[in-house]
Amino acid sequence: MNPRHRLATHLTTADSVTVLTGAGVSAASGIPTFRGAGGLWRNFSATDLATPTAFLRDPHTVWEWYAWRRGQVADCEPNAAHRVLARWTQTRPLWRVITQNVDDLHVKAGTRDLVRLHGSIFELRCWNRCSASPGAWRDERVPFPEMPPRCPHCGALARPGVVWFGEALDPGDIAAADALTACDVFIAAGTSALVYPAAGLLHRARTHGAFTAEFNTESTEATEIVDVAIRGPVEVTLAELDALL
Ligand code: BV8
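Residues numbered from 1 in each chain as written. Predicted model: local features only at pLDDT ≥ 70, side-chain atom pairs only at ≥ 80, totals over all residues. Heavy atoms only, no water.

What to know about the site of the ligand
- Neighbouring the ligand are 35 residues; R35, Y66, R69, G166 and S192 lie closest to it.
- At a separation of 2.7 Å, a nitrogen atom of the ligand approaches a polar backbone atom of E167.
- One nitrogen or oxygen atom from the side chain of T217 is found 3.3 Å from an oxygen atom belonging to the ligand.
- Those elements that place two or more of their residues in the shell around the ligand are helix 4 (59–74) and helix 9 (234–244).
- Tallied by class, residues from the shell around the ligand come to 16 nonpolar, 14 polar and five charged. (Near = heavy atom within 4 Å. Polar contact = N/O pair within 3.5 Å; in protein donor to acceptor, adjacent residues only side chain to side chain. Helix = DSSP H or I, 4+ residues; strand = E, 2+ residues; numbered from the N terminus. Nonpolar A, V, L, I, M, F, W, Y, C, P; charged D, E, K, R; others polar.)

Shown next, in the form of structure tokens:
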């Protein structure tokens with residue numbers, strides 16, 4: 001039986017399904033992936049800029065990168081992969097999505113009860129964590145009226161409301177994601193499976209006995225440990241799988 005039909009067979013009998021998405025799911029919407037060609041910006045790599053140290057050293061350059069990305073994402077729409085996953089969560093109570101992406105496209109697609117591990121590029125937080133400001137607030141203005149943006153309460157620098165490399169994820173998000181690894185089928189879609197703790201979720205799902213699958217255009221760290229690897233653009237292959245259900 002080919003990988004797609006094997007996965008479809010497991011999905012038709014599954015009660016609980018968890019899908020972990022990465023930047024590859026948003027590629028067809030026009031958003032460059034982290035480690036693909038478009039992931040570079042002025043010869044910086046994401047891991048150079050997405051850190052608290054980089055922000056401490058040069059907040060203006062880090063904000064220029066995030067402002068550039070916000071401008072890229074602002075006009076992007078969810079693609080077929082986002083739409084299939086949103087419908088799955090809306091029609092099947094125990095089918096859920098965990099995302100590493102900060103582009104909010106799963107939110108825009110209407111995904112129910114999304115678990116967002118790395119925050120949102122359209123949220124900001126007070127760099128000084130002042131008592132007056134909430135955890136994070138939404139600011140979708142593109143471009144910002146002033147650069148770099150500031151906390152409206154204390155006037156200190158604002159920072160992007162995302163989780164940087166070297167920063168801990170929200171414990172509630174980690175717990176929610178971990179609980180979702182106890183599922184019948186676990187799918188890793190459009191992720192290089194390199195960033196932890198997100199990449200560890202697939203291993204956790206396997207220890208729970210889940211049937212595991214990967215949707216990617218190329219092989220990754222996860223390819224040799226999943227039960228089926230479905231090669232191709234996820235905006236096509238996921239829609240083709242959905243048509244079999
Ligand atoms: C933590 C938000 C602990 C920001 C992101 C040394 C020092 C410190 C930490 C570490 C260290 N070594 C390792 C670590 C852990 C580190 C880590 O994993 N590093 C990696 C690089 C080795 N992790 C962390 O730092 C995490 N925190 O460990 O904290 C701690 C505990 C207590 C106290 C303090 C600290 C935090 C990680 C979160 C980092 N933030 N994003 C922002 O976006 O600006 S991660 C970033 O990478 C994005 O969120 C992205 O989603 C994520 C993962 O990348 P992918 O989504 O997989 O994207 P990528 O481009 O890599 O791959 C795309 C894939 O899609 C490819 O496979 C491609 O083939 C495929 N594809 C492309 N097109 C398609 C497609 N597939 C299908 N169809 C297509 N059309």
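Past the structure itself, the notes keep going.
Side note on helix 8 (residues 200–207)
- Turning to helix 8, its buried residues are G200, L201, L202 and A205.
- In this structure, the buried side of helix 8 is in contact with strand 1 (17–21), strand 2 (95–99), helix 7 (171–179), strand 7 (185–189) and strand 8 (211–216).
- Phi turns positive, to about 85°, at G209, one or two residues after helix 8. (Buried < 20%, exposed > 50% of the residue type's maximum accessible area, 1.4 Å probe, protein only. Contact = heavy atoms within 4.5 Å.)

Details of the sheet that holds strand 9 (residues 228–231)
- What the six strands build is an open sheet, ordered 3-2-1-7-8-9; its pairing is parallel. In this open sheet, the two edge strands, each paired with only one partner strand, are strand 3 (115–116) and strand 9.
- The pairing of strand 1 with strand 7 spans five bridges and is parallel. When the sheet's bridge partners are listed, T18 is paired in strand 7 with F186.
- Packed on one face of the sheet, helix 8 meets strand 1, strand 2, strand 7 and strand 8 and runs near 160° to strand 7.
- Packing of helix 9 onto the sheet brings it into contact with strand 7, strand 8 and strand 9, and relative to strand 8 it is tilted by some 140°. (Pairing = 2+ DSSP bridges. Axes fitted to C-alpha atoms, helices over the stretch in contact; angles between N-to-C directions.)

What about helix 9?
- Those residues of helix 9 not exposed but buried are V234, T237, L238, L241 and D242. End-on, the buried residues of helix 9 take up no more than an arc of 140°, which puts them together on one face.
- For helix 9, the elements touching its buried residues are helix 1 (3–13), helix 5 (80–91), strand 7, strand 8 and strand 9. (Arc of directions from axis to C-beta.)

Focus: the sheet that holds strand 4 (residues 119–126)
- Pairing within the open sheet is antiparallel, and its three strands lie in the order 5-4-6. Every other strand in the sheet has two partners, leaving strand 5 (137–138) and strand 6 (158–162) as the edge strands with one partner each.
- Pairing between strand 4 and strand 5: two bridges, direction antiparallel. Considered in strand 5, the bridge of E123 is made with R138.

Things to note about the pairing of strand 6
- A large share of strand 6 lies buried, amounting to five of its five residues.
- Here strand 4 runs beside strand 6; their pairing, made up of four bridges, is antiparallel. Residue pairing across strands places R125 opposite R159, the latter belonging to strand 6.

Looking at the packing of aromatic side chains
- Scanning all chains against the criterion turns up eight aromatic pairs.
- Note on W63 and Y66: the rings are 6.4 Å apart at their centroids and 70° apart in plane angle, and the pair reads as edge-to-face. Of this pair, W63 and Y66 both sit in helix 4, separated by three residues, roughly a single helical turn.
- Residue classification places Y66 among the buried residues on the basis of a relative accessible area of 2%.
- Taking the centre distance of 5.1 Å and the plane angle of 85° together, the rings of W88 and W95 count as edge-to-face.
- Clustering of aromatic rings is evident, with ring pairs tying together F55, W63, W65, Y66, W127, F144 and W164.
- Here the basic side chain of R69 rests over the ring of W65, its NZ or CZ set 4.5 Å away from the ring centre.
- Directly above the aromatic system of W164 lies the positively charged group of R159, at a separation of 4.0 Å from the ring centroid. (Phe/Tyr/Trp six-rings, centres within 6.5 Å; stacked < 30°, edge-to-face > 60°. Lys NZ or Arg CZ within 6 Å of the ring centre and 35° of its normal.)

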